[in-house]
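Per-entry structural report
In case you want the letters, here they are:
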Amino acid sequence: MRYASFVSELAASGSDAWALHSRAQERQQAGDPVIVLSVGDPDFETPAGIVQACKDALDAGATKYSLAGGIADLTGAVARNESARLGMTVAPSEIVVTSGAQNALYVTMRCLLEPGDEAILLAPPYVMFDGVVRSSGATPVHVPLRGDAGFTIDADALEAAITPRTRVVLMNSPHNPSGAVAPPETVRRVLEICRRNDIWLISDEVYADLCFETSFDSPIAMEGGRDCTVVIRSMSKSHAMSGWRVGWIVGPADLCAHARNLLNNIQYGGSAFIQHAAAHALLNENDALTAMKDAYKARREILVQYLSGLPGVDILRPDAGIFCLLHVGGLGMDGSTFAERLFEAQDVSVLAGGAFGPALRDHVRISLCQPEPVLIEAATRIRAFIGGLKETTAA
Ligand SMILES: Cc1ncc(COP(=O)(O)O)c(C=O)c1O
């Protein structure tokens, strides 16, 4: 029997880098003293008030079909929060609630792209971006971020990559995996390029609530941004709710109407009791969000402090998010070899940068999703591993 051709392409786009993560998880579950820093799943419990709101909603009978694109309580809460964050009035009609940002990305791409179209991704892109573009039959075109300059966007290179087939630019700031935040003047330039060329700008702002010093200025709130920008958001990281699967799209009302129709065909509405909890979180749990952000910031300091000044490696200090990138090329090995050998020697799993494409071949991504004492132990082991390499080379 035949399958649609895109499903085999999707299967082939998986990366070996995740195999180490799976091994680490298996060994951890078997009781070995493994520290898993290879994934970005918040270690914090979902705040108790959110869990209670979910239980209350279940008790109140929110267990039936719900409206595709979000119950009114949640779209109202999102509208309130996004209006405050973006400094502009966002109406519920400009919001579509999805099953996490991943679902929001998929729905957006399906609404905007078709076979023959091109989507520009700023590389290294978040690992799932290629797949969502390919799922719509379109072709991803990678434009490198400037790795030599803190993973900043090269707007000239972006403009040069535009062809008559380009329909979408997909931007992710704060950026996974580097944690870089694009400055407003760069975002404005990207927006101008998109407007001039009649191209949609998709702005993945999943980490926007986790900016440590600077905030991220969204293109949707900039002059001319409203008509052509689609913002992708999630509660997975900011509220430690990865398993609840809540995210949303902010975009023009027409696009949102299409997205709701599509969602009706995909899922026929999300879980109402989860959405009640999400609405509670957005309206009442800001303190919990701030506390988690402060914790990630403190963890960043720890990693940067422990891994700075070591021979052969270079730690990139992230502006936001839940990861640090470590360049390991100076040790004479790529990220994949480093990750394998570190795991063998010290039982610490990190993600080889190759998972994000060839630009990060010589990097590893280290997650901040462990409590401070565990992170300190992991950083101590990483130091010991690197120190051991130096001794082996010297011997
Ligand atoms: C940049 C980026 N976008 C989207 C997602 C998907 O998030 P969600 O859990 O909301 O589907 C992630 C998750 O790691 C991410 O890092």
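Reading the values: the criteria
Residues numbered from 1 in each chain as written. Predicted model: local features only at pLDDT ≥ 70, side-chain atom pairs only at ≥ 80, totals over all residues. Heavy atoms only, no water. Helix = DSSP H or I, 4+ residues; strand = E, 2+ residues; numbered from the N terminus. Expected span 1.5 Å × (residues − 1). Domains from an automatic or database assignment. Buried area = accessible area lost by both parts, 1.4 Å probe. Salt bridge = Lys/Arg side-chain N within 4 Å of Asp/Glu carboxyl O. Polar contact = N/O pair within 3.5 Å; in protein donor to acceptor, adjacent residues only side chain to side chain. Nonpolar A, V, L, I, M, F, W, Y, C, P; charged D, E, K, R; others polar. Near = heavy atom within 4 Å. Areas by Shrake-Rupley, 256 points an atom, 1.4 Å probe, with all protein chains shown as cover. Pairing = 2+ DSSP bridges. Axes fitted to C-alpha atoms, helices over the stretch in contact; angles between N-to-C directions. Contact = heavy atoms within 4.5 Å. Parallel < 35°, antiparallel > 145°, perpendicular 65-115°, else oblique. Left-handed = near helix turned anticlockwise from the far one by under 90°. Core = buried A, V, L, I, M, F, W, Y, C linked by side-chain atoms within 4.5 Å. Buried < 20%, exposed > 50% of the residue type's maximum accessible area, 1.4 Å probe, protein only. Arc of directions from axis to C-beta.

The subject of this paragraph is helix α12 (residues 335-346). Counting along an α-helix, one turn takes 3.6 residues, and residues three or four places apart therefore face a common direction. The terminal C-alpha atoms of α12, which comprises 12 residues, lie 16 Å apart, in line with the 16 Å expected from a rise of 1.5 Å per residue. The positive-phi residue at the C-terminal boundary of α12 is Asp 347, with phi of around 60°.

What follows is about the domain arrangement of the protein. Taken as a whole, the protein is organised into domain 1 (5-45 + 287-389) and domain 2 (48-284). Taken as a group, Leu 289, Asp 319 and Phe 356 account for 22% of the area that domain 1 buries against domain 2, more than any other trio of residues on that side. Our count for the contact surface shared by domain 1 and domain 2 stands at one salt bridge. Here Arg 300 and Glu 213 are joined by a salt bridge, their closest N and O atoms 2.7 Å apart. On the surface where domain 1 and domain 2 come into contact, there are nine residue pairs in polar contact (both at pLDDT 80 or more). Elements with a minimum of two residues in the side of domain 1 that touches domain 2: α1 (5-12), α11 (286-307), β10 (323-327) and β13 (363-367). If you tally residues by element for the side of domain 1 that touches domain 2, the top one is α11, at six residues. Its residues assigned to classes, the side of domain 1 that touches domain 2 comprises 18 nonpolar, three polar and nine charged.

Bringing the site of the ligand into the picture now. In the vicinity of the ligand lie 13 residues, with Ala 101, Asp 204, Ser 234, Ser 236 and Arg 245 positioned nearest. In the environment of the ligand, an oxygen atom lies 2.7 Å from a nitrogen or oxygen atom belonging to the backbone of Ala 101. Between the ligand and Tyr 207 there is a distance of 2.7 Å, counted from an oxygen atom to a side-chain nitrogen or oxygen. Burial of the ligand by the surrounding chains reaches 93%, relative to a free accessible area of 400 Å².

The strand order β2-β8-β7-β6-β5-β3-β4 describes an open sheet built from seven strands, whose pairing is mixed. Bordering the open sheet on either side are β2 (95-98) and β4 (139-144), each of which pairs with just one other strand. Averaged over all pairs of adjacent strands, the angle between their axes in this sheet comes to 20°, without regard to strand direction. Across the sheet, helix α9 (residues 253-266) touches β2, β7 (229-234) and β8 (247-250), and the angle it forms with β2 is around 25°.

The angle between the axes and the distance between the axes are what describe a pair of packed helices. Where helix α5 (residues 100-112) meets α9, the axes come as close as 10 Å, and the angle between the chain directions of the two elements is 115°. Between α5 and α9, the angle is such that the two are roughly perpendicular. The two elements α5 and α9 cross, and the hand of that crossing is right-handed. For the pair α5 and α9, the contacting residues are Asn 103, Tyr 106, Val 107, Arg 110, Cys 111 and Leu 112 in the first and Leu 255, His 258, Ala 259, Leu 262, Leu 263 and Ile 266 in the second.

One recurring pattern in soluble globular proteins: nonpolar side chains tend to sit buried together. Ranked by internal contacts, the top residues of the largest apolar core, which has 67 residues, are Ile 249, Leu 326, Phe 338 and Ile 366. Per-element tally for this core: the top contributor is helix α13 (residues 372-394), with seven residues. Apart from the residues lying within four places of it in its own chain, the contact partners of Leu 326 are Leu 307, Val 313, Asp 314, Ile 315, Phe 338, Asp 362, His 363, Val 364 and Ile 366. With 34 residues, the next largest nonpolar core counts Ala 17, Leu 158, Ala 320 and Leu 360 among its residues.

What follows covers the packing of helix α3 (residues 48-59) against helix α10 (residues 272-284). Interhelical geometry of α3 versus α10 gives an angle of 140° and a closest axis separation of 8 Å. Between α3 and α10, the interaxial angle falls into the category oblique. Of the two possible hands of crossing, α3 and α10 adopt the one that is right-handed. Of α10, the residues touching α3 (which contributes Gly 49, Ile 50, Ala 53, Cys 54, Ala 57 and Leu 58) are Phe 273, His 276, Ala 277, His 280 and Ala 281. Split by residue class, the contact of α3 with α10 holds eight nonpolar, three polar and no charged.

Let us now look at the pairing of β8. Side-chain alternation along β8 places Gly 247 and Ile 249 on one buried face and Trp 248 and Val 250 on a second face that is also buried. The pairing of β2 with β8 spans four bridges and is antiparallel. If you follow Val 97 over to β8, its bridge partner there is Trp 248. Bridge count between β7 and β8: four bridges; the pairing is antiparallel. Paired with Arg 233 across the two strands is Trp 248, which belongs to β8.

This part is about α3. Relative to the 16 Å expected for 12 residues at 1.5 Å per residue, α3 spans 16 Å between its end C-alpha atoms, a close match to the ideal helical length. The set of residues buried in α3 consists of Ile 50, Ala 53, Cys 54 and Ala 57. Take α3 and look down its axis: the buried residues cluster within an arc of 100°, on one side only. Those residues of α3 that are exposed and angled more than 90 degrees off the buried face are Ala 48 and Asp 59.

To continue, consider the pattern of salt bridges. All chains considered together, the criterion is met by 19 salt bridges. For Asp 347, the salt bridge identified is with Arg 27, shortest N-O distance 3.0 Å. Placement of Asp 347 in the loop between α12 and β11 (348-349) and of Arg 27 in helix α2 (residues 17-29) is noted, with a sequence separation of 320 residues between them. Under the relative-accessibility criterion, Asp 347 is labelled buried at 16%. We note a salt bridge from Glu 301 to Arg 317, for which the minimum N-O separation is 2.9 Å. Remark: Arg 317 occurs in the loop between β9 (314-316) and β10 and Glu 301 occurs in helix α11; sequence separation between them is 16 residues.

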